[in-house]
2 protein chains.
Amino acid sequence: MQIEPTRLLADLHHLRSFGRHGTGVVRPAFSAPDIAAREWLASMMREAGLEPVFDAAGNLFGLPPGPGPCLMMGSHSDTQPEGGWLDGAYGVISGLEVSRAARDHVPVAVVSFQDEEGRFGVLTGSKIWSGGLTLRDADQLQDLSGETFATARARMAHLAGPGFVDPARFFGFIETHIEQGLWLDLAGEAVGVVESIVGIGRMFVTYQGEQNHAGTTPMDHRRDAFQGLSAFNARLNEALAAVATPTTVWTIGHVEIQPGAPSIVPGRARFSVQWRDGEADRMARMATIVSQTAEAVAAERGLGCTLDQGIPVQPRKFDDGCVRRSPPPRIRWRRAAGAACHQARSTMPPMSPS
Amino acid sequence: MQIEPTRLLADLHHLRSFGRHGTGVVRPAFSAPDIAAREWLASMMREAGLEPVFDAAGNLFGLPPGPGPCLMMGSHSDTQPEGGWLDGAYGVISGLEVSRAARDHVPVAVVSFQDEEGRFGVLTGSKIWSGGLTLRDADQLQDLSGETFATARARMAHLAGPGFVDPARFFGFIETHIEQGLWLDLAGEAVGVVESIVGIGRMFVTYQGEQNHAGTTPMDHRRDAFQGLSAFNARLNEALAAVATPTTVWTIGHVEIQPGAPSIVPGRARFSVQWRDGEADRMARMATIVSQTAEAVAAERGLGCTLDQGIPVQPRKFDDGCVRRSPPPRIRWRRAAGAACHQARSTMPPMSPS
């Protein structure tokens, strides 16, 4: 099976022409360029021997002949308000090209999910299709201008067929994607296999110290909330480094120091801690380290400590058989970039959390 | 010479009655309670054998008979918008009581400076009297409501004499003051001698890093401005501790982290550094440590670094002979609290910087 690189690139450039804007693309879900792009994609699917099927959510499937389970490839063709020309598009067009190349050997379905970029919700089209959101609930969602999903999808009503494509038609799903991080670039590699989507842990910590005059309060009689934060940060870096892999990350991104005056010993510090990793065990271990470090530093410094734990996003490992059956990758890493590979079932998770 | 403790306390409580508010006092400069309190103080001075003299700035002097140079004692009787009942008041009333007790032995003048608490400027009354501010310039100063010093002092015009008391009439000035810090309390002592007024050094530091996605940027490819601040803080604590005395203090009180989102690696950190010490040499050494540490941490982490140095307040040592001639103190420390003691000349410095 050989793909045709020229055709692949020509299709990518053609898709780019819908909503082209500078070097990027403006093609939000259900906009005129988005709908035109989907109609063009449907014609390309038909040309490739696939049956184009729109569902009520605006998702476009290209289905190979026959009822049997097949592999699905694809991504999304809507963009951020100002998006890059390869994000999503590369996954859809490369899926189409693979399907064409594989046509006489194995059936490969192609998909472009709708509103992956969250004009209305989060991964709206794939979530409705995979059962995570009812169409009725989705219809209430509004974009920033107040337009509802119901109004937007009505613009595609003339294309939509009855019902939804049965997820049981697919035994697997592969999404190819340009890298959104630095890993391939740093490794000098062209391609890699993603093994999981990282989980996200989040916590807000509040340290309550004692607000004091910065001139009259001796150093060893202070309960300085900022010093608490700084000590916590140093200790956390050390503790997390001990369990981290090269792809584990953690961030203190939001910091409030009160009252915030140069002449006043800070009485209160509130800050965010966020951590990401591909393995549930490590995520849990990191959560424990964050809490315990926050509390230990507070106790040592006589600070009050309030932990406000956000709902974590659980990491999702991709189907191991599918990952293993991929051509031997020269680099493997855990990130929502590169080639996503997992079992497509009704529990299909989002493919690239932001 | 014996003071009369009962009379001292009775006078303190009477002064408290002007503008009494809860457990504290509301007696801002030139308010009705402030002027009434000054008129009562003048009558008490006269009773004590002193000649009460108001000057055009609202300062009230109680002068002993005779032209010869004498010691002056006192403080201020105006208060913060909501002040304590002993701040300033204790210095004025204790000066009055000492003058009464010393009456037949040595002449002691008493003073209550006006607007020490800075309704209009900074230590307005004593600054005008000591030549640091002209009356004409002072008249332009406005309080928070927009009222000018000129308008305010006109309310005391019926009391003001011509010109100002000649500072050369005094060979020394002693201000007694309640402790505003913790030192006496920690030492279990009742009284101490202040050897100097601390200097204040101040700097704003801006670290410019690289704002990045907290999910896709590996730890060792970040230029995180908050991490820069945290590392600077740890390094600074270590470096300053090596030169600090027990009374040296330093504070990071103002912190801005941008953009301030949990999911974004901070691109910018702007923060204040303030340090205080009683010795000019140490103040200069600390300034160097702050700058060098800020720049060293920035260089190591690839951060941009901008230092915005504020105008420092120089420390002021009190007259050594005067400090040495004080009754052997059980505790000596450098702070603008306790008993201030220095030569009163036309260069008289502020007595208690805030």
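What you see is a predicted model, and the numbers here were worked out from it, not measured in a lab.

The rules we used
- Sequence order sets the numbering: in each chain, residues are counted from 1 along the sequence as written.
- Written order determines the labels here, with chains lettered from A and ligands numbered from 1.
- The predicted origin of the model limits local features to residues at a pLDDT of at least 70 and limits the giving and counting of side-chain atom pairs to 80 or more, whereas totals for whole chains, interfaces and linings rest on all residues.
- Placing C-beta atoms from the backbone, we regard two residues as in contact once those atoms come within 7 Å.
- Only DSSP runs of H or I with at least four residues qualify as helices, and only runs of E with at least two residues qualify as strands; both kinds are numbered from the N terminus onward.
- Three categories are distinguished: nonpolar for Ala, Val, Leu, Ile, Met, Phe, Trp, Tyr, Cys and Pro, charged for Asp, Glu, Lys and Arg, and polar for the others, with Gly belonging to the last.
- Least squares is the method for superposing the copies, and the C-alpha atoms it fits come from residues with pLDDT of at least 70 in both.
- For each domain, the first and last residues come from an automatic or database assignment.
- Multiply 1.5 Å by the residue count of a helix minus one, and that product is the helix's expected span.
- Around each residue's C-beta, the other C-beta atoms within 10 Å are counted; 20 or more make the residue buried, 12 or fewer make it exposed, and counts in between make it partly exposed. All C-beta atoms are placed from the backbone.

## With respect to the interface of chain B and chain A
Contacts between chain B and chain A engage 37 residues on the former and 37 residues on the latter. Elements represented by at least two residues in the side of chain B that touches chain A include exactly helix H8 (225–241), strand S12 (249–251), strand S13 (255–258), strand S14 (264–265) and strand S15 (268–277) of chain B. Here the residues of the side of chain B that touches chain A sort into 18 nonpolar, 16 polar and three charged.

## Some details on the relation of the copies chain B and chain A
Overlaying chain B with chain A gives an RMSD of 0.4 Å, the required rotation being 179° about an axis along which the chain moves by 0.2 Å. These values place the two chain copies in the arrangement generated by a two-fold rotation axis. By C-alpha distance to the rotation axis, the residue of chain B lying nearest is Ser230(B), at 2.5 Å. Residue by residue, 100% of the interface of chain B is reproduced at the interface of chain A, so both copies engage with the same surface.

## Re the domain arrangement of chain A
A common way to report how large an interface is uses the accessible area buried once the components associate. Taken domain by domain, chain A consists of domain 1 (5–196 + 315–342) and domain 2 (199–309). Put simply, the middle of domain 1 of chain A and the middle of domain 2 of chain A, counted by C-alpha atoms, are 40 Å apart.

## Topic: helix H3 (residues 89–102) of chain A
Helical geometry: 3.6 residues make up each α-helical turn, so side chains three or four residues apart lie on a common side. Residues and elements named next belong to chain A. The end-to-end C-alpha separation of H3 is 20 Å, in line with the 20 Å expected for 14 residues at 1.5 Å each. Within H3, 11 of the 14 residues are buried, which leaves the element mostly enclosed by the surrounding structure. Along H3, the residues that are buried comprise Ala89, Gly91, Val92, Ile93, Ser94, Gly95, Leu96, Glu97, Val98, Ser99 and Arg100. In the core, the buried residues of H3 are packed alongside helix H1 (5–17), helix H2 (32–47), strand S4 (60–63), strand S5 (70–76), strand S6 (108–113) and strand S7 (170–175).

## A look at the environment of Ala234(B)
Counting through the fold element by element, Ala234(B) comes out in helix H8. In this structure, Ala234(B) is in contact with Ser230(A) and Ala234(A), ignoring residues within four places of it in sequence.

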